[in-house]
Amino acid sequence: MIQLMLIVHGVLAVFLLGAITHQAFAVARVRPTAPAQTVVDRFRGVHSPAFTNAIVLLFCLTFVLGGLLYPRYRIDVRPMLEDMQLRAANGMFESKEHFAAVGLGLLPAYWLFWRLPLRREYTDSRKYVTWILAFVVWWNFLVGEVLNNIRGLFP
Amino acid sequence: MSTAHFKVFSILFGVTYMAMFFYSERTAGQALFRYYPALGGFYRESQPMETAGPPILWYSWLAGAFVASVVLSLIVPRSWAERMPDSWVWIVGTAMLIAILVYERRWFY
């Protein structure tokens, strides 16, 4: 069961990563003038408000699954990291849990800033909150992957 | 609660979460409640390490921050919430992330 939860947690994180990265790139675009020519232009040229509800839902689901997996980490993984003298790995996990909490708290405002019709006065806040969430999601994804594979990375 | 209160909630949640975390750090593990994975239960009081194993305080910080933020958001009048600059959301959010990175650097030395 725990393995299945871990896999689903990882898969949801990948979906979330894709959605928030699209939106973070799209919101950085100052003014779309010409039709998209390059891969980057097309990547940024998505209708970014369409991702908002999916991102909120995916963040919450990934968060809940992470919360359910936490006890197993505390009993099995953390003592192993301490035995292996991997203090930095423990620190990375600590930052992951705090970042996830801060990201969760930002979701209501994020949803408000992206609510249609998009309000001009929210332009800057919409961009910065999206970038914060993108940073949190990327950081937590990479930390999770490193910790998940740590025995292979540090045999 | 109006949608303007969402901004207030987002600002307060990060701050109250970090306040509860730092309080636990400074008081050697004081928290609203603890979850003991080895026992599979929530407890108000600290349990012996030998029999209960290590506790998880994270759930307590989250629950405390959620309740405090909802209550405080509801107290704030709607006119105040609407006047509150929306830039505070990302400024406070960024400040919380920086505070986390600064505090957690202790693990890397």
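Small disclaimer: the values here were computed from a predicted structure and weren't measured.

Trainee: Please set out the layout of surface pockets residue by residue, giving values where relevant.
Mentor: Where empty space is left can be seen by rolling a probe of water-molecule size over the atoms. Residues and elements named next belong to chain A. For the largest pocket, the calculated volume is near 1000 Å³. Lining the largest pocket are 35 residues, with Leu6, His9, Leu69, Lys96 and Gly144 sitting closest to its centre. Elements represented by at least two residues in the lining of the largest pocket include exactly α1 (2–28), α3 (52–83), α4 (87–114), α5 (123–148) and α6 (150–153). For the lining of the largest pocket, the leading source of residues is α3, giving 12 residues. A class-by-class count of the residues in the lining of the largest pocket yields 20 nonpolar, nine polar and six charged.

Trainee: For the packing of α4 of chain A against helix α5 (residues 87–104) of chain B, give the residues involved together with the corresponding values.
Mentor: Packed helix pairs are specified by the crossing angle of their axes together with the interaxial distance, meaning the distance between the axes. Running from N to C, α4 of chain A and α5 of chain B point in directions that differ by 180 degrees, and their axes come no closer than 10 Å. It follows from the interaxial angle that α4 of chain A and α5 of chain B lie roughly antiparallel. Contacts between α4 of chain A and α5 of chain B pair Glu94, Ser95, His98, Phe99, Val102, Leu106, Ala109 and Phe113 of chain A from the former with Val89, Gly93, Met96, Leu97, Ile100, Leu101 and Glu104 of chain B from the latter. Residue classes in the contact of α4 of chain A with α5 of chain B are distributed as 10 nonpolar, three polar and two charged.

Trainee: Would you mind going over the side chain of Asn140 of chain A in detail, with residue names and values included?
Mentor: Residues and elements named next belong to chain A. Examined against the element boundaries, Asn140 turns out to sit in helix α5. In this structure Asn140 comes out as buried when scored by relative accessible area, which is 11%. Of note is the side chain of Asn140, whose polar atom sits 3.2 Å from the backbone oxygen of Lys96. What Asn140 contacts, discounting residues up to four positions off in sequence, is Lys96, Phe99 and Ala100.

Trainee: Which residues make up the packing of aromatic side chains, and what are the values?
Mentor: Under the definition given, this model contains 26 aromatic pairs over all chains. Look at Tyr128 of chain A and Trp90 of chain B: their rings are 4.4 Å apart centre to centre, the planes differ by 50 degrees, and that puts the pair in the tilted class. One end of the pair, Tyr128 of chain A, is in helix α5; the other, Trp90 of chain B, is in helix α5, on a second chain. In this structure Tyr128 of chain A comes out as partly exposed when scored by relative accessible area, which is 27%. Residue classification places Trp90 of chain B among the partly exposed residues on the basis of a relative accessible area of 22%.

What counts and what doesn't
Residues numbered from 1 in each chain as written. Chains lettered and ligands numbered in written order. Predicted model: local features only at pLDDT ≥ 70, side-chain atom pairs only at ≥ 80, totals over all residues. Heavy atoms only, no water. 1 Å grid on protein atoms, 1.4 Å probe; cavity = no way out; pocket = protein on both sides within 12 Å on 5 of 7 lines; lining within 4 Å. Points joined across faces, edges and corners; volume = space filled by probe spheres on them. Helix = DSSP H or I, 4+ residues; strand = E, 2+ residues; numbered from the N terminus. Nonpolar A, V, L, I, M, F, W, Y, C, P; charged D, E, K, R; others polar. Axes fitted to C-alpha atoms, helices over the stretch in contact; angles between N-to-C directions. Parallel < 35°, antiparallel > 145°, perpendicular 65-115°, else oblique. Contact = heavy atoms within 4.5 Å. Buried < 20%, exposed > 50% of the residue type's maximum accessible area, 1.4 Å probe, protein only. Polar contact = N/O pair within 3.5 Å; in protein donor to acceptor, adjacent residues only side chain to side chain. Phe/Tyr/Trp six-rings, centres within 6.5 Å; stacked < 30°, edge-to-face > 60°.

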